[in-house]
Amino acid sequence: QVQLVESGGGLVQPGGSLRLSCTASGSISTIYAMNWYRQAPGKRRELVATINNGGSTNYADSVKGRFTIARDNAKNTVYLQMNSLKVDDTGVYYCNYLLRVGSSWGQGTQVTVSS
C-alpha cells in the first residue's frame, strides 16, 4: 500500500506562482514515472507534466514554458513549479506515481487562480 500526500495548493492571482509537492510513503517499489494531472470543473482530467526514472520530462502544450516538474527520488517526492498562472489553470491537481507494483494517486489539491 502506497499513500501520496500533496501540499502547496491555494488561491493566487493571475500571473502568480505556486509550488506543489507530493510525497509517497508506505511500501515503495521501483518508481517508473511521477506525474501531475489536473481536472477543471466540467472538464476531463488531463496530464499536465510527467518525469520518468531517467529524468526525462514532458508537458501539456497549455503549460509549456510556465510549469516545471522536478523530482527527488531519495525522498520519493515530486514537485510542480507553476509560474505565470492563468485563470484556466484553476482545478484540482493530482499527483500520480507509476510503480513496479501498479499505480498510486494522491487525494488532490485545489489550485484557484482568480483576480
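In what follows, the structure referred to is the one given above.
Residues numbered from 1 in each chain as written. Predicted model: local features only at pLDDT ≥ 70, side-chain atom pairs only at ≥ 80, totals over all residues. Heavy atoms only, no water.

Our focus in this paragraph is the nonpolar core. Of all hydrophobic cores here, the largest spans 28 residues; its most connected members are Trp36, Leu80, Met82, Tyr93 and Tyr97. Every element with two or more residues in this core is listed here: strand S1 (2–7), strand S3 (18–26), strand S4 (31–39), strand S5 (46–52), strand S7 (67–72), strand S8 (77–82), strand S9 (91–99) and strand S11 (109–113). (Core = buried A, V, L, I, M, F, W, Y, C linked by side-chain atoms within 4.5 Å. Buried < 20%, exposed > 50% of the residue type's maximum accessible area, 1.4 Å probe, protein only. Helix = DSSP H or I, 4+ residues; strand = E, 2+ residues; numbered from the N terminus.)

As a further point, take the state of the cysteines. Cysteine pairs can be linked by a disulfide, which is a covalent bond between their two sulfur atoms. Scanning the model with the defined rule gives one disulfide in all. Each sulfur in the disulfide pair cysteine 22 and cysteine 95 lies 2.0 Å from the other. Between cysteine 22 and cysteine 95 the sulfur-sulfur dihedral comes to about 50 degrees; the bridge is accordingly right-handed. With cysteine 22 in strand S3 and cysteine 95 in strand S9, the pair connects residues that are 73 residues apart, well separated along the chain. Considered together, cysteine 22 and cysteine 95 belong to a single accessibility category, that of buried residues. (Disulfide = S-S within 2.5 Å.)

Shape is all these values report; function is a separate question.
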